Amino acid sequence: MIEMVNRPYEKAFEKHALAHPEVLCLSADLTSSCEIDKFRDDHPDQFLSLGMAEQNMMSFAGGLGLAGYRPFIHTFGVFLYRRPYDQLMASVAYPRRRVRLMGFLPGITTPGGMTHQAIEDIAVMRSIPNMTILETGDATEVESICAAADSIDGPVYCRVLRGSVPRLFDTPIEVGKMRELALGDDILIVTSGITTEEAMRATAALAKAGVSVRHLHLNTIKPFDDAAMLDHIQSVKSGVITLENHVTEGGIGSLLAEIMADNGVGKKLLRLGLKDTYAHGGSRAYLMRYYGLDALALTRGVERLMREEFGITENDLAETRVDAVHSLAKAEGL
Amino acid sequence: MTEALRNEKTTEDVALGIRRRVFEHAMRNNGGYLSQACSAAEQLAWLYNEELNLGAPTLPMIPKPFGGVPHRDNPAYHTGAGYNGPVTPEHDRLFIAPAHYALVAYATLVEVGRMAPEGLAMFNQDGSSVEMIGAEHSPGMEVHNGTLGIGLSTAAGLAWGRKRRGEPGRVWVYMSDGEVQEGQTWEAIQCCAHHRIDNIKAIMDVNRQQCDGAMDSVMEVGDIKAKMEQFGAVVVAVDAHNLNDMRAAAKTPHEGKPLIILANSNPFHAMPILEERFPRLHYVRFKSEEERARMNVSIARSLGIAPIDYAH
């Protein structure tokens, strides 16, 4: 049974911010939704409410960076780049301000539908010079995201999980270091964020079916060490499969495609994720099934890549974790 | 260089010198930001020659060539802020929010002895740091403001941080009235008021012009002063060509609020022949050699100098 950790960000941010007085907590009217309401109440001197005005907030954060502070901006991922994109470029990314963009509800982890689902954020951020991208995949990574982000000399975009988060790992994020979860030699599975848990559900069933899986989890998406990944790609016989909580253009699927093409690797690559489509509102489990982002979709992908059917069904996969959309474990419905 | 840092010239002389330099540049280059020199010369002259508390420049009088953009592989990168002196707690900072005024701002740096005249000749030349739209690395600039409306927000963040640190230096923003069409300007004013940021002061060139022409024909903005006051600023309207007006306005108390001086300006001030080009004044490119020659004679006479010998 996987250990579930309730609101890991809340305590992690408080611990980090109190140890670093130059860290400021910025919020744009989603304070409880980003688990910083307790911090606001307990440490008002280090908290800045900037209201529903993301354009001003982004440039303001750039000004705080110029004044020597390291602002952590808390809001939903979409609101960190869609509306204030110009400000993100001119006030934060270009001048390499040490602004930490804490993007909650990545991809389809929100029932809020298109307006709330950051499904192309990694593609956008990967194309911004000077930007670093981190993504959390479990409670331990959420607990270590503040220190990891704050170690970067420049702007950082983080995909942060909230509410009840499973603990999959027991070591903190080391920026730039991928996690090697399995080292088989048939097929390479690369995941990040919530798709890692899905892949872990699938790997036991795949192993039982005789597939030797190599599974890597990415918490640092940019910058990226091509050489280490290339070794893994060259270690498998049947190809590479990526599963991402994101569109398949510009995210980790594209990242693998670039590495393989740049190095002339003649292996198959299957990119699973949102296929040139928006999602709609619904529970995470429903959306992952509907859009083919779950463990079952991954096993089907492995079958396609290996041209073999293993007869794996939902019953063979490790127990699915079902979150109620409006459970108490969540900060709020949205 | 032996040019004086400040106060060796009267502010009136600095303003006249700015217009002469921008005029000469526009004549030699068959066009330029002439109207901005008409409207803004007194404001920038007053800021640099009187109001701003700046230290001596820390960068060479003749600007270095473009040295690359900010990047982890470019550790020697620096902005052009050093032309405004060192960054210290007691000194003021200035952002030119409409970076399109760069030519006028560079001319000001020359007039107050912070940049050599050779710097102006580098304007908009390939490989130069003296860029057409002022960049972070351009003389006198500290942040990118080429997209309009972001300057006041950045200044607000800096001002909040400086206030928290107890720094006595103020943050000044030079603004343009077209920026009030951007929603971010209003977000910034309400933010300053909410957080009681009062070490920020702005002066806005209200020339009623924008790229497409007269503002009223492009997008009416109504009563800027009343709107800004409603959003939480202390606002004083002045004649942009009356130095005493600006001097008095800057002394207006504004505890807990930002101060915004609306400088109502004439976009043909001191170059009346430019009215012929109304309402397309944003960038005056001469339509013919005949017009260029006629404007050369007329504006030179208005500015009290001989026509520019631009024929090469």
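Remember, it's a predicted structure, so these values are computed and weren't measured experimentally.

**Observations concerning the interface of chain A and chain B**
Each partner contributes residues to the interface: chain A has 23 residues there, and chain B has 22 residues. Mapped by element, the contributors of at least two residues to the side of chain A that touches chain B are helix 3 (54-66) and helix 4 (85-93) of chain A. Looking at which element gives the most residues to the side of chain A that touches chain B, the answer is helix 3 of chain A, with nine residues. For the side of chain A that touches chain B, the per-class residue count stands at 11 nonpolar, 10 polar and two charged.

**Some points on the nonpolar core**
Counting 193 residues, the largest nonpolar core has B:Val104, B:Ala156, B:Val173 and B:Ile261 as the members making the most contacts within it. Taken together, domain 1 (9-166) and domain 2 (179-316) of chain A each give at least three residues to this core, which thus spans both. Once residues lying within four places of it in the same chain are set aside, the contact partners of B:Val173 are B:Phe95, B:Ala97, B:Gly151, B:Leu152, B:Ala155, B:Ile200 and B:Ala202.

**Focus on the domain arrangement of chain A**
Interface size is commonly expressed as the accessible area that is lost once the parts come together. All names here are of chain A. Split by domain assignment, chain A resolves into domain 1 (9-166) and domain 2 (179-316). Distance between the C-alpha centres of domain 1 and domain 2: 27 Å. Taken together, the 24 residues of domain 1 in the interface contact 29 residues of domain 2. Looking at the side of domain 1 that touches domain 2, the elements that each hand over two or more residues are helix 5 (121-126) and strand 6 (132-135). Per-element tally for the side of domain 1 that touches domain 2: the top contributor is strand 6, with four residues. Within the side of domain 1 that touches domain 2, the residues separate by chemical class into 11 nonpolar, eight polar and five charged.

**Structural notes on the packing of helix 7 (residues 194-208) of chain A against helix 11 (residues 295-306) of chain A**
All names here are of chain A. Running from amino to carboxyl end, helix 7 crosses helix 11 at an angle of 50°, the nearest separation of the two axes being 8 Å. Between helix 7 and helix 11, the angle falls in the class oblique. At the point where helix 7 passes helix 11, the crossing takes the right-handed sense. On helix 11, the residues touching Glu198, Ala199, Arg201, Ala202, Ala205 and Leu206 of helix 7 are Ala295, Leu298, Thr299 and Val302. For the contact of helix 7 with helix 11, a count of residues per class yields seven nonpolar, one polar and two charged.

**Description of the sheet that holds strand 3 (residues 47-49) of chain A**
Residues and elements named next belong to chain A. Strands sit in the order 3-2-4-5-7-6-12 across an open sheet of seven strands; the sheet is mixed. Sheet topology places strand 3 and strand 12 (220-222) at the edges, where each strand pairs with a single neighbour. Sheet twist, expressed as the mean angle between neighbouring strand axes with direction ignored, is 20°. Sheet topology places strand 5 (residues 100-104) next to strand 7 (residues 156-160); five bridges connect them, and they run parallel. Along strand 7, the bridge assignment pairs methionine 102 with cysteine 158.

So, how was this worked out
- Residues numbered from 1 in each chain as written.
- Chains lettered and ligands numbered in written order.
- Predicted model: local features only at pLDDT ≥ 70, side-chain atom pairs only at ≥ 80, totals over all residues.
- Contact = placed C-beta atoms within 7 Å.
- Helix = DSSP H or I, 4+ residues; strand = E, 2+ residues; numbered from the N terminus.
- Nonpolar A, V, L, I, M, F, W, Y, C, P; charged D, E, K, R; others polar.
- Core = buried A, V, L, I, M, F, W, Y, C linked by C-beta atoms within 7 Å.
- Buried ≥ 20, exposed ≤ 12 C-beta atoms within 10 Å, placed from the backbone.
- Domains from an automatic or database assignment.
- Axes fitted to C-alpha atoms, helices over the stretch in contact; angles between N-to-C directions.
- Parallel < 35°, antiparallel > 145°, perpendicular 65-115°, else oblique.
- Left-handed = near helix turned anticlockwise from the far one by under 90°.
- Pairing = 2+ DSSP bridges.

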